[in-house]
Amino acid sequence: MAPKDERVRDFLTTRRAKITPDMAGIPKGGGARRVPGLRREEVAMLSGVSVDYYTRIEKGDLTGVSDEVLDALARALQLTEDESAYLYDLARTARRPSRARRQPKAATGVPQQVQLLIDAMSATPVIALSRRLDVLASNPLGRALFDMAFTSPTRRSSASPPNLASVVFLDPAAATFYDDLDDAAAACVRILRAQAGATPHDKQLIQLVGELSTRSTDFRSRWAAHDVGVHRAGRKTLHHQVGELILGFEEMTLASSPSITLSAYIAEPASPTAERLQLLASWAATTAAVSPRLGPGHAVP
């Protein structure tokens, strides 16, 4: 019997529940519906497969499922680009489970050249994130911007990197730092869920998810929703000791270090936020003089 993956079952079930007949262009017909979204037979019809075949897939068996069927399911369920990528990641694990275990070692720091790049962006706060949302490195302005994460009680030791998901869900100070804590929490869960699909055997990621699920009912309920997504760009409002900061952000994945993402935060020129960043830069310079960086490739303590 083929192995069943509960992630496949839960993901497809939650996606199916989000699509109404109207959204799918299916006449409602008479009588009350027992499910809020599409029925299995409706997804099967929209995907061009038999009900039995779709039922097998939704029960968690993706072995032997072709890319054409995955594409059809993605269209029927109106999956986003990130959700489609997640479905393909689940299928890849089902097809070649042994290969899925041979993943590149997770980053614990950044190469010296990457650190030099981050430092060269001195007028912009920049942090380097692992796929588990560990802050692996920063420039002085990035360190100052996320000072609350570096000093958070969720940090295991001065030698361990802060983890943004742990800060968001376990540190009460996050409710003050993030203007929209709900958005920050949703983004963390979507990113970790996407990464869990791409690297299902990452022990540290599994440990992080387990800890957050145990200690945070909010995380546990969000994780059960199976929402998937990748942060690429947007705006954040942060509350810092220098004042309110309204910042755009851009996420950059490095071709030489694909497991590392650089997050750069940008202020509108001549805005109050730009002025406050200058003040933050002065504060960062003072802090750096008192507590210098450990060295290239490490997060600032």
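Residues numbered from 1 in each chain as written. Predicted model: local features only at pLDDT ≥ 70, side-chain atom pairs only at ≥ 80, totals over all residues. Heavy atoms only, no water.

Some points on the overall build of the protein chain
A count of helices and strands for the protein chain gives 16 helices and five strands. Counting over 301 residues, the protein chain shows a buried share of 49%. Within the protein chain, contacts between residues at least 6 apart in sequence are counted, and of these 60% link residues at least 24 apart. Of the roughly 14900 Å² of accessible surface on the protein chain, a fraction of 54% belongs to carbon and sulfur atoms. (Helix = DSSP H or I, 4+ residues; strand = E, 2+ residues; numbered from the N terminus. Buried < 20%, exposed > 50% of the residue type's maximum accessible area, 1.4 Å probe, protein only. Contact = heavy atoms within 4.5 Å. Areas by Shrake-Rupley, 256 points an atom, 1.4 Å probe, with all protein chains shown as cover.)

Overview of the sheet that holds strand β2 (residues 135-138)
An order of β2-β1-β5-β4-β3 is seen for the five strands of this open sheet, with the pairing classed as antiparallel. Whereas interior strands pair on both sides, the edge strands pair on one side only; in this sheet they are β2 and β3 (233-240). On average, adjacent strands in this sheet sit at an angle of 30° to one another, irrespective of strand direction. Summarising the sheet, strand β1 (residues 126-129) and β2 pair through three bridges and their orientation is antiparallel. For I127, the partnering residue across the bridge sits in β2 and is S138. Sheet strands touched by helix α8 (residues 112-120): β1, β2 and β5 (261-266). Its angle to β2, the strand with the most contacts, is close to 55°. (Pairing = 2+ DSSP bridges. Axes fitted to C-alpha atoms, helices over the stretch in contact; angles between N-to-C directions.)

Some thoughts on a negative patch on the surface
On the surface, D179, D180, D183 and E244 cluster together into a patch of negative charge. Residue position: D180 is located in the loop between α12 (174-177) and α13 (181-198). (Patch = residues over 30% accessible without salt bridge, like charges linked within 9 Å, V, L, I, M, F, W, Y side chains within 5 Å. Salt bridge = Lys/Arg side-chain N within 4 Å of Asp/Glu carboxyl O. Lys, Arg positive; Asp, Glu negative; His and termini not counted. Charge placed at Lys NZ, Arg CZ, Asp CG, Glu CD.)

Section: the confidence of the model for the protein chain
Across the protein chain, the average pLDDT comes to 88, with 88% of residues at 70 or higher. Helix α11 (residues 164-170) holds the highest mean pLDDT among the elements of the protein chain, 98, whereas helix α7 (residues 97-101) holds the lowest, 50. Throughout residues 292-301 the model reports pLDDT below 50, and contacts reaching past four residues in sequence, or to other chains, amount to 31 contacts. (pLDDT = per-residue confidence, 0-100.)

Some points on the side chain of D61
Positionally, D61 belongs in the loop between α4 (51-58) and α5 (67-76). Side-chain polar atoms of D61 contact the side chain of R56, separated by 2.9 Å. Here the side chain of D61 touches T63 through a polar contact of 2.5 Å, side chain to side chain. (Polar contact = N/O pair within 3.5 Å; in protein donor to acceptor, adjacent residues only side chain to side chain.)

Thoughts on the packing of aromatic side chains
When we look at a pair of aromatic rings, we describe it by the centre distance and by the angle of the planes. Evaluation of the coordinates by the stated rule reveals seven aromatic pairs. For the pair F249 and Y265, a centre-to-centre distance of 6.2 Å together with 40° between the ring planes defines the contact as tilted. Of this pair, F249 sits in strand β4 (residues 243-253) while Y265 sits in strand β5, and the two are 16 residues apart along the sequence. On the basis of relative accessible area, Y265 is assigned to the buried category, the value being 4%. An aromatic cluster of three or more residues is present, and its members are F146, F177, Y178, F249 and Y265. When the ring centre of W223 is taken as origin, the NZ or CZ atom of R193, which lies over that ring, is 3.8 Å away. (Phe/Tyr/Trp six-rings, centres within 6.5 Å; stacked < 30°, edge-to-face > 60°. Lys NZ or Arg CZ within 6 Å of the ring centre and 35° of its normal.)

Here we look at helix α3 (residues 40-47)
Looking at α3, one finds that the buried residues are E42, V43, A44 and S47. The inward-facing, buried residues of α3 contact α1 (6-18), α4 and α5. A positive phi of about 75° marks G48, the residue just after α3.

A look at the pattern of salt bridges
Evaluated as defined, the whole model comprises 19 salt bridges. For D134, the salt bridge identified is with R132, shortest N-O distance 3.4 Å. Each member of the pair, D134 as well as R132, is classed as buried. Of the charged contacts in the structure, one is a salt bridge between R143 and D147, with a shortest N-O distance of 2.6 Å. Note on accessibility: R143 and D147 belong to one class, buried. Within this structure, R15, K18, E83 and D227 form a network of salt bridges that share partners.

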